[in-house]
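Analysis of the macromolecular model
Residue-level listing of the chains:
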Amino acid sequence: MPGFLREHSWSIVFSVALHGLLVAVFAAATLLTLHQSMPSVQPIAVDAVVIDSQVLHAAQRALTERAEQEAARLRAAADAKAAAEAAEAKAAADAQTAAQEEHAAEEAKVAAAEAERTKQAQVARLSDAQKVAAAKRAEELKRVEELKRAEDAKRAEDAKRLENAKRTADAKQAEDAKHAADLKAKAEREAELRRQLAEEEHVSAVEASPARAQYIARLSSRIQNAWIKPPSAHAGLDCVVNITQVPGGEVTSAHVSQCNGDAAARQSIENAVYRASPLPPPPDPALFERNLVIHFHPDE
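Just so we're clear, the structure is a prediction, and the values are computed from it rather than from any experiment.

**Regarding the side chain of Ser-268**
- You can see Ser-268 is positioned in helix α5 (residues 263-276).
- Setting aside chain neighbours within four positions, we find Ser-268 in contact with Trp-227, Ile-228, Pro-230 and Arg-275.

As structure tokens, this is what we get:
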């Protein structure tokens with residue numbers, strides 16, 4: 001503030017003088033107004049100067065405008081100086097900040113370089129240790145791999161040996177089963193042959209015995225008893241009848257294959273066979289025949 005007063009001392013003196021003049025003019029105008037309004041008295045000769053009010057007002061306005069302009073100029077100058085000082089202070093602060101930042105950046109750069117060197121040294125140390133560890137791991141892995149291959153080979157050999165043993169056992173079992181099946185089939189064939197031989201011997205024995213002749217005679221008598229002689233049948237009728245029966249004696253078909261009689265005689269014999277159904281069973285089941293051949297002699 002004292003520096004500001006010293007720098008603008010003449011401007012301040014001029015402003016104060018101007019304001020004093022304005023006050024004197026206002027006082028003179030006031031006295032003049034009072035003098036004109038008082039009652040008429042004997043005028044006293046006064047050596048004074050009469051000032052027109054319009055001129056006074058114009059002078060007042062001019063002084064006021066000049067004072068305002070001067071004050072505005074002074075304010076502008078003060079603002080400009082303050083702005084300049086603020087800009088200088090800001091520039092100084094920016095320069096200081098930039099210097100500090102540059103210094104900090106330099107320190108950070110130095111620290112980073114130091115850290116990088118430290119890191120590289122650590123990496124170098126770690127790299128050597130890692131190389132040793134990697135070599136050791138590789139050796140261990142190689143040893144483990146060799147052991148694994150040996151175990152795999154042993155397991156493969158064992159599996160192959162077991163497979164061969166199983167294949168041999170299966171082959172022997174299959175051979176034993178085939179031999180047993182062959183023996184069983186042979187025994188069954190022999191038993192079937194013995195049964196068939198026994199049955200054939202029995203049938204031959206039964207057929208050779210009087211039982212078969214008696215059975216055939218019973219069948220012929222049964223058919224002849226069921227026969228209805230037609231008018232065209234003549235004496236000495238001799239026919240061969242083919243008969244098919246099922247177990248139980250039921251006749252399923254009857255056909256006269258040979259006959260010395262006419263068609264009516266043939267048909268009458270076939271009808272007689274169907275009427276005789278079911279045929280009497282044989283005295284021995286071995287004598288049962290599905291297909292029978294009967295000689296039909298009605299006169300005998």
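**A look at the sheet that holds strand β3 (residues 291-296)**
- Sheet architecture is open: 3 strands sit in the order β2-β1-β3, paired in antiparallel fashion. With one partner strand each, in any of the chains shown, β2 (251-259) and β3 form the two edges of the open sheet. Averaged over all adjacent pairs, the angle separating strand axes in this sheet is 20°, with direction ignored.
- Set on the sheet, helix α4 (residues 210-225) makes contact with β1 (239-245) and β3; between it and β3 the angle comes to about 65°.
- The strands touched by α5 within the sheet are β1, β2 and β3, with β2 carrying the most contacts at an inclination of about 150°.

**Examining the nonpolar core**
- Formed by 23 residues in total, the largest nonpolar core has its most connected members in Ile-243 and Ile-269.
- Taken together, the elements giving at least two residues each to this core come down to α4, β1, β2, α5 and β3.

**Let's talk about the packing of aromatic side chains**
- Taken as a whole, this structure holds 1 aromatic pair when the rule is applied.
- Ring centres of Trp-227 and Phe-296 lie 5.3 Å apart, and the angle between their planes is 80°; on these two criteria the pair is classed as edge-to-face. On the criterion of sequence distance, the pair formed by Trp-227 in the loop between α4 and β1 and Phe-296 in strand β3 is long-range, its members being 69 residues apart. Summarising the burial analysis for this pair, Trp-227 and Phe-296 share the class buried.

What counts as what
- Per-chain numbering applies: the sequence of each chain, read as written, is numbered from 1 onward.
- Totals for whole chains, interfaces and linings use all residues, but because this is a predicted model, local features are given only for residues with pLDDT of at least 70 and pairs of side-chain atoms are given and counted only at 80 or more.
- Side-chain figures throughout are based on the complete set of non-hydrogen atoms in the structure, without hydrogens or water.
- Put simply, DSSP H or I for four residues or longer makes a helix, DSSP E for two residues or longer makes a strand, and each gets a number counted from the N terminus.
- Contact between two residues is taken to exist if any of their heavy atoms lie within 4.5 Å; hydrogens are not considered.
- Any two strands with at least two DSSP-identified bridges between them are counted as paired.
- Here, axes are lines fitted to C-alpha atoms. For helices the fit covers the stretch in contact, and angles between N-to-C directions go from 0 to 180 degrees.
- The definition of a nonpolar core used throughout is a set of buried Ala, Val, Leu, Ile, Met, Phe, Trp, Tyr and Cys residues joined through side-chain atoms within 4.5 Å.
- Only protein chains enter the accessibility calculation, which uses a 1.4 Å probe; a residue is then buried when its area is under 20% of its type maximum, exposed when over 50%, and partly exposed in between.
- When the centres of two rings from Phe, Tyr and Trp lie within 6.5 Å, Trp using its six-membered ring, the rings pair. Their planes under 30 degrees apart give stacked, over 60 give edge-to-face, and anything left gives tilted.

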